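# Chains, contacts and geometry: an overview
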Amino acid sequence: MLLMKPLWMLLETPGKCRSILWSIKKMAPNVQDVGEQLRGQLLVEGEPSSARSVRYNSFVLKKLSLQNFRNYSKRTFEFCSGATLIVGPNAIGKTNILEAIYCLATGKSFRTVNERDVIKEGSDFAAVRTTDLEILWDSRERFQKLYRINGVGKRQHDFAGNLRAVLFAPSDIEIVADSPSTRRHYLDLVLSQSHKEYRLAARIYEKALRQRNRLLWQARESRISNIEFRPQLEYWNDLLINNGQVLHNFRRKFIDFLNERKDEFFPITIGYDHSII
């Protein structure tokens, strides 16, 4: 597991072997990410020699404000510039803090697909803020989710990636044990934060896949004529091929990057199926 300073670590209770490791860093797009290594220990102090010459344009997350988010009515947390350890009994809200940080990094939660779940029971809105980033979930009239950078409204794909975060949760063992779709999803999470082109290609690919599948269903149920079917199918197929190639290229380069530096990160070689998606 590769992490970058500062490291955010959550231990639920001393008696449980469960941890969530965070690393948060904001960088210029052309700066190469170099991190610390975990080799049989929770954290190995000291940077690799290759990292010492790298200069980062980055900031440390020092303050996080939550309002009606999960179990927090109104709370501001201030962090130091080094490693942060959050300890407490079960159900006190430790994971909620990490979820809020992850929302600011990616624009979405890692715990739920239903956006309303983050709003505290009995409230009609929730907000997560740091110095220049803000997300607002508002259900007072019609439900909406708003993204702001320095007070200016943004779309999710423009908002995501301004804060960099890496999450390691107990469920991530599924990356190794589960199906290939789980591993692709993990690559999506990593590359969507670092590359806007990847985020856009992924959104278009997912939409084209849904539309093509719907079109095939309509054709199977004889709800669309052959004259309409063929040009529409070609259109969606072209989108799938073109954007799938973008995803494929980014994923391949990322795997090559890890394999070329396996002596720094972990002593294994990662294989990659050279298919379009």
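Preceding this section is the structure that the text describes.
Residues numbered from 1 in each chain as written. Predicted model: local features only at pLDDT ≥ 70, side-chain atom pairs only at ≥ 80, totals over all residues. Heavy atoms only, no water.

Right, let's get into the overall build of the protein chain. For the protein chain, the count of helices and strands is 7 helices and 12 strands. Counting every position in the protein chain, which comprises 277 residues, the buried fraction comes to 42%. When contacts within the protein chain are restricted to residue pairs at least 6 apart in sequence, long-range pairs at least 24 apart make up 59% of them. Here the protein chain has roughly 16000 Å² of accessible surface; of this, 50% comes from carbon and sulfur atoms. (Helix = DSSP H or I, 4+ residues; strand = E, 2+ residues; numbered from the N terminus. Buried < 20%, exposed > 50% of the residue type's maximum accessible area, 1.4 Å probe, protein only. Contact = heavy atoms within 4.5 Å. Areas by Shrake-Rupley, 256 points an atom, 1.4 Å probe, with all protein chains shown as cover.)

Two elements in contact, helix H4 (residues 180-194) and helix H6 (residues 226-260), have axes separated by 11 Å at closest approach and are oriented at 85 degrees. The pairing of H4 with H6 is recorded here as roughly perpendicular in orientation. Across the interface between the two elements, Arg-184, Leu-187, Asp-188, Val-190 and Leu-191 of H4 pack against Phe-250, Arg-251, Phe-254 and Ile-255 of H6. (Axes fitted to C-alpha atoms, helices over the stretch in contact; angles between N-to-C directions. Parallel < 35°, antiparallel > 145°, perpendicular 65-115°, else oblique.)

The next subject is the layout of surface pockets. Looking at the second largest pocket, its volume works out to about 530 Å³. In terms of lining residues, the second largest pocket is bounded by 20 residues, among which Lys-108, Asp-188, Ser-192, Ala-202 and Glu-206 are the most central. Secondary-structure elements contributing two or more residues to the lining of the second largest pocket are helix H2 (156-159), H4, helix H5 (196-220) and H6. Within the lining of the second largest pocket, the residues separate by chemical class into 7 nonpolar, 6 polar and 7 charged. (1 Å grid on protein atoms, 1.4 Å probe; cavity = no way out; pocket = protein on both sides within 12 Å on 5 of 7 lines; lining within 4 Å. Points joined across faces, edges and corners; volume = space filled by probe spheres on them. Nonpolar A, V, L, I, M, F, W, Y, C, P; charged D, E, K, R; others polar.)

When you line up the elements, Lys-94 lands in helix H1 (residues 94-106). Here the side chain of Lys-94 touches Gly-88 through a polar contact of 3.2 Å, landing on its backbone oxygen. (Polar contact = N/O pair within 3.5 Å; in protein donor to acceptor, adjacent residues only side chain to side chain.)

So, on to the sheet that holds strand E10 (residues 144-149). The sheet built from 6 strands is open, its strands ordered E6-E5-E8-E9-E10-E11 with antiparallel pairing. The sheet is open, and its two borders are formed by strand E6 (72-78) and strand E11 (152-154), each paired with just one other strand. Neighbouring strand axes in the sheet, compared pairwise and without regard to direction, differ in orientation by 20 degrees on average. Sheet analysis places strand E5 (residues 63-69) next to E6, joined by 6 bridges and oriented antiparallel. (Pairing = 2+ DSSP bridges.)

A word on the nonpolar core. Counting 26 residues, the largest nonpolar core has Leu-64, Leu-66, Ile-97, Leu-104, Val-128 and Trp-137 as the members making the most contacts within it. Those elements that place two or more of their residues in this core are E5, E6, H1, strand E8 (125-129), strand E9 (133-138) and E10. Broken down by element, the residue count for this core peaks at 6 residues, all from H1. Beyond its immediate sequence surroundings of up to four residues, Leu-66 is in contact with Tyr-72, Ser-73, Lys-74, Arg-75, Phe-77, Ala-100, Ala-127 and Val-128. Counting 21 residues, the second largest nonpolar core, distinct from the first, contains Tyr-198, Ala-202, Leu-215 and Phe-250. (Core = buried A, V, L, I, M, F, W, Y, C linked by side-chain atoms within 4.5 Å.)

Let us look at the packing of aromatic side chains. Note on aromatic pairs: each is described by the distance of the centres and the angle between the planes. Under the definition given, this model contains 6 aromatic pairs. Consider the rings of Tyr-147 and Phe-159, whose centres lie 5.2 Å apart with planes at 45 degrees: the pair is tilted. Of this pair, Tyr-147 sits in strand E10 while Phe-159 sits in helix H2, and the two are 12 residues apart along the sequence. Phe-159 shares its class with Tyr-147; the two are buried. On the basis of an interplanar angle of 70 degrees and a centroid distance of 4.8 Å, the ring pair of Tyr-235 and Trp-236 is categorised as edge-to-face. The ring of Phe-125 is capped by Arg-140, whose NZ or CZ atom sits 4.8 Å from the centre of that ring. (Phe/Tyr/Trp six-rings, centres within 6.5 Å; stacked < 30°, edge-to-face > 60°. Lys NZ or Arg CZ within 6 Å of the ring centre and 35° of its normal.)

Another aspect to go through is unusual backbone geometry. At Asn-68, a position not held by glycine, the phi torsion is positive, near 55 degrees. In this structure, Asn-68 sits in strand E5.

This part takes up the pattern of salt bridges. In this structure the tally under the stated criterion is 12 salt bridges. Its salt-bridge partner being Glu-99, residue Arg-111 comes within 2.9 Å of it at the nearest N-O pair. Here the residue Arg-111 occupies a position in the loop between H1 and E8, and Glu-99 occupies one in helix H1, the gap between them amounting to 12 residues. Here Arg-111 falls in the partly exposed class, since its relative accessible area comes to 40%. In this structure Glu-99 comes out as buried when scored by relative accessible area, which is 0%. (Salt bridge = Lys/Arg side-chain N within 4 Å of Asp/Glu carboxyl O.)

It is worth spelling out H4 at this point. For H4, spanning 15 residues, the distance from its first C-alpha to its last is 22 Å, which sits close to the expected 21 Å at 1.5 Å a residue. For H4, every residue scored as buried is listed here: Thr-182, Leu-187, Asp-188, Leu-191, Ser-192 and Gln-193. (Expected span 1.5 Å × (residues − 1).)

Contact geometry of H5 with H6 gives a least axis separation of 8 Å together with a crossing angle of 150 degrees. In terms of their interaxial angle, H5 and H6 are classed as roughly antiparallel. In terms of crossing hand, the pair formed by H5 and H6 is left-handed. Partitioned by chemical class, the residues of the contact of H5 with H6 number 18 nonpolar, 5 polar and 3 charged. (Left-handed = near helix turned anticlockwise from the far one by under 90°.)

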